[in-house]
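Okay, here's what each chain looks like letter by letter:
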Amino acid sequence: MKHVITLNVNGDPYTVSVDPSQTLNEVLREELNLTGVKLGCGSGDCGACTVLMDGRAVSSCLTLAVEAEGKDILTVEGLAPSGEKLHVIQEEFIDKGAIQCGFCTAGMEMSALHLLNKNPSPTETEIREALSGNLCRCTGYAKIVEAISSAAQRMNDASERNQ
Ligand code: FES
Ligand code: FES
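First, a word on what this report is: a plain description of the structure on this page. All values reported here derive from a predicted model rather than from experimental measurement.

Looking at helix α2 (residues 88-95)
Within α2, six of the eight residues are buried, leaving the element largely enclosed by the surrounding structure. Inspection of α2 places Val88, Ile89, Gln90, Glu91, Glu92 and Phe93 among the buried residues, and these make up the whole buried set. Once α2 finishes, Gly97 follows within two positions and takes phi at roughly 70°, a positive value.

Focus on the environment of Arg128
Locating Arg128 in the fold gives a position in helix α4 (residues 124-130). Each C-alpha atom of the pair Arg128 and Val145 lies 6.9 Å from the other, and the pair is 17 residues apart in sequence. Not counting residues up to four positions away in its chain, the partners in contact with Arg128 are Tyr141, Ala142 and Val145.

Remarks on unusual backbone geometry
In most cases, non-glycine residues show a negative phi, while peptide bonds are predominantly trans. Positive phi, close to 50°, is recorded for Asn10, a residue that is not glycine. Checked against the element boundaries, Asn10 lands in the loop between β1 (3-9) and β2 (12-18). Its relative accessible area of 23% is what places Asn10 among the partly exposed residues. Positive phi values are uncommon outside glycine, yet Asp54 reaches one of about 50°. Along the polypeptide, Asp54 turns up in the loop between β3 (50-53) and β4 (56-59).

Brief notes about the nonpolar core
The biggest cluster of nonpolar side chains holds 24 residues, and the ones touching the most others in it are Ile89, Phe93, Met108, Leu116, Ile144 and Ile148. Those elements that provide at least two residues to this core are α2, α3 (105-118) and α5 (142-161). Among the elements that make up this core, the one with the highest residue count is α3 (seven residues). The contacts of Ile144, once residues within four sequence positions are left out, are Phe93, Ala98, Met108, Leu131, Cys136 and Thr139. If you look at the next biggest cluster of nonpolar residues, it comprises 17 residues, including Val16, Val18, Met53 and Ala68.

Looking at the sheet that holds β2
On the basis of which strands lie adjacent, the open sheet formed by five strands has the order β2-β1-β5-β3-β4 and mixed pairing. Unpaired on one side and paired on the other, β2 and β4 mark the two borders of the sheet. In this sheet, adjacent strand axes meet at a mean angle of 40° when their direction is disregarded. As judged from the four bridges shared by β3 and β4, these two strands associate in the antiparallel manner.

Structural notes on helix α1 (residues 24-31)
Three or more residues of α1 are buried, namely Leu24, Asn25, Val27 and Leu28. Looking at the packing, one finds that the buried side of α1 touches β1, β2, β3 and β5 (72-74). After α1 finishes, the residue Asn33 shows a positive phi value of roughly 65°.

Rules behind the numbers
Residues numbered from 1 in each chain as written. Chains lettered and ligands numbered in written order. Predicted model: local features only at pLDDT ≥ 70, side-chain atom pairs only at ≥ 80, totals over all residues. Heavy atoms only, no water. Buried < 20%, exposed > 50% of the residue type's maximum accessible area, 1.4 Å probe, protein only. Helix = DSSP H or I, 4+ residues; strand = E, 2+ residues; numbered from the N terminus. Contact = heavy atoms within 4.5 Å. Core = buried A, V, L, I, M, F, W, Y, C linked by side-chain atoms within 4.5 Å. Pairing = 2+ DSSP bridges. Axes fitted to C-alpha atoms, helices over the stretch in contact; angles between N-to-C directions.

Interpretation note: all reported values are geometric properties and have no functional meaning in isolation.
In structure tokens form, the structure reads like this:
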């Protein structure tokens, strides 16, 4: 039997009818057309499907859609502040050459945002730990770590300027 759920995605409310076994990843990609959210392994091992749910990084392939009832979901489509401007994390991924095939990028950026929200000045070790659930087969990780470190610095500089 289908369940009707309401969830907020990237600031907008949606009501969708879902099967009890349907994952959040399926709803985001197939019902809401948010295909920036990737589906890799489908078993919680690669992190490509990472989104934030009430501020916590979760694997959308392992999260049932019904668990998202009433929750705030942030996907990579909601990361940039506007259509014209990318998020600092996205800018740094581009500037530092941290994107090759791009399949891991959305999940990496959402994990990075989760980390920087909790820990605005992470060490390299802390960044690597935060990315331990996100696999990249292309970049060797060094440029991704560098991009997140630079994004952290820029975000801190901006918040200091705003004080
Ligand atoms: S697709 Fe969800 S962890 Fe790999
Ligand atoms: S850039 Fe290809 S998997 Fe990370």
